[in-house]
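# A look at the structure
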Amino acid sequence: MPEPLSLTVFSVPGLSVRMLTEHEGVLPQLSKIARVHSAASVVVVDGASPEQLESSLFTGVLPEYVAGGRGVPFWQAAEIPAHVEPAHPLRPEWRALAKQPRLRWLTRDLRPDVPAALKALDAEVAKTDGPLVVLSVWALADGRPAPQNAHPMDRPVLLARGFNLPKTCVGILEIGGILRRALTGEELTDAI
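Now for a description of the structure that goes with this document. The structure displayed is predicted, hence computed values, not measured ones.

The helix and strand tally for the protein stands at 7 helices and 9 strands. What you see for the protein is a C-alpha radius of gyration of 16 Å, in line with the 16 Å of a compact globule of 192 residues. By its C-alpha atoms, the protein is 40 × 40 × 35 Å across when sized along the principal axes. By sequence separation, contacts in the protein at least 24 residues apart represent 70% of the contacts at least 6 residues apart. Carbon and sulfur atoms make up 52% of the accessible area of the protein, which amounts to about 9,800 Å² in all. Separation of charge centres in the protein, based on 19 positive and 21 negative side chains, amounts to 3 Å.

Set out below in structure tokens:
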């Protein structure tokens, strides 16, 4: 069974596979994670707002069920200390501000200058030791949020260092479970 991990997560709303490819030459750390470690594109729930997508990522529950009060964030399900700085305000019962977290969730903004923001993110990744995740819950395509059926290059991205992703394309509702298992060391095996 894998060992439980401590994770640093950089959430970068708007980040797409295409952005990483177009700026690959100036992003050595992010390019290395994609090439050497694990990378996947993310399929999102069509028609959901960025806030709904972030809540669904945290809970693994469809937006309409999250709005109905269902689902708990993966760090609460894992029962681990967390410090979470999301893109959108968390529900009061979801707040996570542990002083010695095993999960550090940091949100980074790509606006107003995508190339400069990507270079700054790459520099932060270079300074971060241990298991790491870089992800986006929605992606920009031609300056607008990309729809669910967008070209694979215009999908959100999930990069992981320090543990393997189960596949190269994941649904947004799967990500919380993937991160919870990395934090707890739980192993998931598919039925044969």
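Counted by the stated rule, this structure contains 4 aromatic pairs. Between Phe58 and Trp105, the aromatic rings sit 5.0 Å apart at their centres with planes inclined by 75°, giving edge-to-face as the arrangement. Here Trp105 lies in strand 4 (residues 103-107) and Phe58 lies in helix 3 (residues 50-59), a separation of 47 residues in the sequence. Accessibility expressed as a relative area gives 1% for Phe58, which makes it buried.

Let's shift gears to the nonpolar core. Ranked by internal contacts, the top residues of the largest apolar core, which has 38 residues, are Trp75, Val84, Leu103, Trp105, Leu135, Phe163 and Leu179. Of all the elements, helix 7 (residues 172-184) adds the most residues to this core, at 6 residues. If near-sequence neighbours (up to four positions away) are discounted, Leu103 is found in contact with Leu7, Val9, Phe74, Trp75, Ile80, Pro81, Ala82, His83, Val84 and Leu183. Grouped together as the second largest cluster of nonpolar side chains are 18 residues, Leu110, Ala117, Leu121 and Leu132 included.

What follows is about the pairing of strand 2 (residues 38-43). Bridge count between strand 2 and strand 8 (residues 157-161): 4 bridges; the pairing is antiparallel. In the strand pairing of strand 8, Ala39 is matched with Leu159. As defined by bridge partners, strand 2 adjoins strand 9 (residues 169-171) across 3 bridges and the pair is classed as parallel. From the neighbouring strand, Val42 faces strand 9, where its bridge partner is Val170.

Attention now goes to the pattern of salt bridges. Any two side chains of opposite charge can pair, on the condition that their charged atoms come close. All told, the structure shown has 5 salt bridges when counted by the stated rule. Put simply, Arg18 and Asp154 hold a salt bridge, and the shortest N to O gap is 2.7 Å. Note that Arg18 is positioned in helix 1 (residues 17-22) and Asp154 in the loop between strand 7 (144-145) and strand 8, a separation of 136 residues in sequence. Taking relative accessible area as the criterion, Asp154 reaches 13% and is therefore assigned buried. For Glu124, the salt bridge identified is with Arg108, shortest N-O distance 2.8 Å. In this pair, Glu124 sits in helix 6 (residues 114-127) while Arg108 sits in the loop between strand 4 and helix 6, placing the two residues 16 residues apart along the sequence. Assessed through its relative accessible area of 24%, Glu124 is described here as partly exposed.

Here the bond from Arg111 into Pro112 is cis, since omega is 0°, no more than 30 degrees from zero. Here Glu79, not a glycine, exhibits a phi torsion of approximately 55°, which is positive. Secondary-structure assignment places Glu79 in the loop between helix 5 (74-78) and strand 3 (82-85).

What counts, and at which threshold
- Residues numbered from 1 in each chain as written.
- Predicted model: local features only at pLDDT ≥ 70, side-chain atom pairs only at ≥ 80, totals over all residues.
- Heavy atoms only, no water.
- Helix = DSSP H or I, 4+ residues; strand = E, 2+ residues; numbered from the N terminus.
- Rg over C-alpha atoms; globule rule 2.2 N^0.38 Å.
- Contact = heavy atoms within 4.5 Å.
- Areas by Shrake-Rupley, 256 points an atom, 1.4 Å probe, with all protein chains shown as cover.
- Lys, Arg positive; Asp, Glu negative; His and termini not counted.
- Charge placed at Lys NZ, Arg CZ, Asp CG, Glu CD.
- Phe/Tyr/Trp six-rings, centres within 6.5 Å; stacked < 30°, edge-to-face > 60°.
- Buried < 20%, exposed > 50% of the residue type's maximum accessible area, 1.4 Å probe, protein only.
- Core = buried A, V, L, I, M, F, W, Y, C linked by side-chain atoms within 4.5 Å.
- Pairing = 2+ DSSP bridges.
- Salt bridge = Lys/Arg side-chain N within 4 Å of Asp/Glu carboxyl O.

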